[in-house]
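Listed below, chain by chain, are the residues.
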Amino acid sequence: MPEITVVTRECCELVDITRRIAALVPPDLGSGLCSVHSLHTTAALTVNENADPDVQHDLLAKLDALVPQHESYYRHAEGNSAAHLKSSLMGFSITVPVRNGRLHLGTWQGIYLCEFDGPRTRRVVVTFVEAAR
């Protein structure tokens, strides 16, 4: 099962990992599914627009507005409750179809690791399942 490492540079950022995931598609896989899973509770995954970086900015800004960094009722001693909440809202796994040996994403879609507690080194596991014939 392939695994990639992603080094983040900011406290909160979206890192495009599309090419790295696409490079892992087995050459003999015609059609199937690609499952991508974050091994962390303060990082998530999403599929979103990869053409305009303002989309990434807007997404992070809205998440910050919805889930502020500090709230009086947070109890988690590490001080990263907001990161845990954002990750749960975004999700830890995504599934992308594979068609003709390639990830089947829309024209403007990319796969992003969502960092909410960085900078850190993150691990992402990738699994491929061949379609039944």
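Residues numbered from 1 in each chain as written. Predicted model: local features only at pLDDT ≥ 70, side-chain atom pairs only at ≥ 80, totals over all residues. Heavy atoms only, no water.

A short note on the overall build of the chain
Stated formally: Only DSSP runs of H or I with at least four residues qualify as helices, and only runs of E with at least two residues qualify as strands; both kinds are numbered from the N terminus onward. Throughout, the radius of gyration refers to the C-alpha atoms, and the reference size of a globule is 2.2 Å times the residue count to the power 0.38. Burial classes: relative accessible area under 20% of the type maximum marks a residue as buried, over 50% as exposed, and values in between as partly exposed (1.4 Å probe, protein chains only). Residue contacts are defined here by distance: any two heavy atoms, one from each residue, within 4.5 Å place the two residues in contact. Methods summary: accessible areas were calculated by the Shrake-Rupley approach with a probe of 1.4 Å, and residue burial reflects only the protein chains presented. Only four residue types enter the tally: Lys and Arg on the positive side, Asp and Glu on the negative side; His and the chain ends are excluded. By convention, the charge on Lys lies at NZ, on Arg at CZ, on Asp at CG and on Glu at CD.
Secondary structure summary: the chain contains three helices and eight strands in total. Helices and strands in the chain line up, N terminus first, as β-β-α-β-β-α-α-β-β-β-β. Its C-alpha atoms give the chain a radius of gyration of 16 Å, near enough to 14 Å, the size a compact globule of 133 residues would have. Each principal axis of the C-alpha distribution contributes one length, and for the chain these read about 55 × 30 × 25 Å. When the 133 residues of the chain are sorted by exposure, 38% land in the buried category. Considering only contacts within the chain whose residues lie at least 6 apart along the sequence, 82% involve residues at least 24 apart. When the accessible area of the chain is evaluated, it comes to approximately 7900 Å², of which 51% is carbon and sulfur surface. Across the chain, 12 positive and 15 negative side-chain charges occur, with their mean positions spaced 5 Å apart.

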